[in-house]
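Working through the structure, step by step
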Amino acid sequence: MPSTTKEYKSTDGTPLVRLEFDEAKRIWVLVMLGKETPDNRMSHVLIKQGILPALRDVRQQWKDWVASEDTGKGAALVTTAEVSNKIFSNGLDLFNAIADPYFFNEYLNAMYYELLTFPIPTVAAVGGHAFAAGSCLAFAHDYRVMNAKRGYICLNEIEFGAKIPRGMYGAIKSVISSKILQRKLILEGHRFSGKEALDFGMVDAVADGAEATLEAAIAMADNLRSRSIKNAWQMNKELIYDDMLSMQFEPMHLTVKL
């Protein structure tokens, strides 16, 4: 059970995410609550008032431990939706996103950048459908566990004539280097089941059911947390993701048209 729990709410009081912390293992679980939108769409509010503040609080706690030389246990982060929700994230709050020229740089890409440079291991527990920007949220984590019984990973922009923004493509490239697989994902809009995603290397493990997916993700985080003890995780992952990080800054004239 978590040692502490903190809830992040919007300015109107809507619960957005819950951050659970297991003090003994130093594992955080960030839970998207599906209250602003039931399918956890990547909206201005969810990102800016929920996900980013939670991630930055975790980063600050890690910095404090580094400063006090208290990193001997390591640490890790797991991101999930509520296990009762059949959707991990259904993508962008599209029309509000494309209406705001600052959305990609200051909201969506800022979130991906935060994860791609995170100083401790991150695991996405994909217990349900992950579409478009929601898929890319999972890709921006270091590891992914997916529900084998329910849910797809899919980039469905091709179905409604939208261009994949650079930041999202950077998150994709952090996991998928094969142009053939990128073609299947981006140009065909293929819906990858958990088994397919595992076979193609898009996820690192699958589990039977949403609850088992979260449990497996936490176990994976527990196995990985020691890798951050010497505080070299961020430095070395930034080498791996150098090109992808540069893609998290969109030209300001960018517009995404339907």
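As shown above, the structure is provided for reference.
Residues numbered from 1 in each chain as written. Predicted model: local features only at pLDDT ≥ 70, side-chain atom pairs only at ≥ 80, totals over all residues. Heavy atoms only, no water.

1. So, the overall build of the chain
Worth spelling out the cut-off: Secondary structure is summarised from DSSP: a helix means a run of H or I of at least four residues, a strand means a run of E of at least two, and numbering begins at the N terminus for each. We take the radius of gyration over the C-alpha atoms and set the globule estimate at 2.2 Å times the residue count to the 0.38 power. Reported accessibility uses the Shrake-Rupley method at a 1.4 Å probe radius. Residues are deemed covered only where the shown protein chains occlude them. Counted as positive: Lys and Arg. Counted as negative: Asp and Glu, with His and the chain ends omitted from the count. By convention, charge coordinates are those of NZ in Lys, CZ in Arg, CG in Asp, or CD in Glu.
For the chain, the helix and strand inventory stands at ten helices and ten strands. What you see for the chain is a C-alpha radius of gyration of 17 Å, in line with the 18 Å of a compact globule of 258 residues. Taken along the three principal axes of its C-alpha coordinates, the chain extends 50 × 35 × 35 Å. Summed over all atoms, the accessible surface of the chain reaches about 11400 Å², with 52% contributed by carbon and sulfur. With 29 positive and 31 negative side-chain charges, the chain shows a separation of 3 Å between the mean positions of the two kinds.

2. Quick notes on the sheet that holds strand 7 (residues 129-131)
As a general point, the strands of a sheet are linked pairwise by backbone hydrogen bonds and lie either parallel or antiparallel. What counts is decided by this rule: Two strands are said to pair when DSSP picks up at least two bridges between them.
With respect to topology, three strands assemble into an open sheet ordered 5-7-9, the strand pairing being parallel. At either margin of the open sheet sits one strand with a lone partner, and together these are strand 5 (87-89) and strand 9 (153-154). Judged from the two bridges that link them, strand 7 and strand 9 form a sheet pairing that is parallel. Within strand 9, the position partnered with Ala130 by the bridge is Ile153.

3. Remarks on the packing of aromatic side chains
Aromatic rings in a pair are described by how distant their centres are and how their planes are angled relative to each other. Here is the rule we go by: Stacked, tilted and edge-to-face are the three classes assigned to paired rings of Phe, Tyr and Trp, where Trp is represented by its six-membered ring and a pair needs centres within 6.5 Å; plane angles under 30 degrees give stacked, over 60 edge-to-face, the rest tilted. To sort residues, take the accessible area from a 1.4 Å probe on protein chains only and compare it with the maximum for the residue type: under 20% means buried, over 50% means exposed, and anything in between is partly exposed.
Summed over the entire model, instances satisfying the criterion amount to eight aromatic pairs. With a centroid separation of 5.6 Å and 35° between ring planes, the pair formed by Trp28 and Trp65 is classed as tilted. Here Trp28, found in strand 3 (residues 27-32), pairs with Trp65, found in helix 1 (residues 44-67); they are 37 residues apart in sequence, far enough to count as distant. Trp65 carries the same exposure label as Trp28, and that label is buried.

4. So, the nonpolar core
Selection rule: Only buried Ala, Val, Leu, Ile, Met, Phe, Trp, Tyr and Cys residues count toward a nonpolar core, and they belong to the same one when joined by side-chain atoms within 4.5 Å. Contact between two residues is taken to exist if any of their heavy atoms lie within 4.5 Å; hydrogens are not considered.
Core analysis: the biggest nonpolar cluster contains 64 residues, and Met42, Leu108, Tyr112, Phe139 and Ile172 have the highest contact counts within it. The residues contacting Ile172, other than those within four sequence positions of it, are Cys136, Phe139, Leu155, Ile164, Leu185 and Ile186. Counting residues in each nonpolar core, the second largest holds 14 residues, with Val78, Val145, Leu214 and Leu224 among its members.

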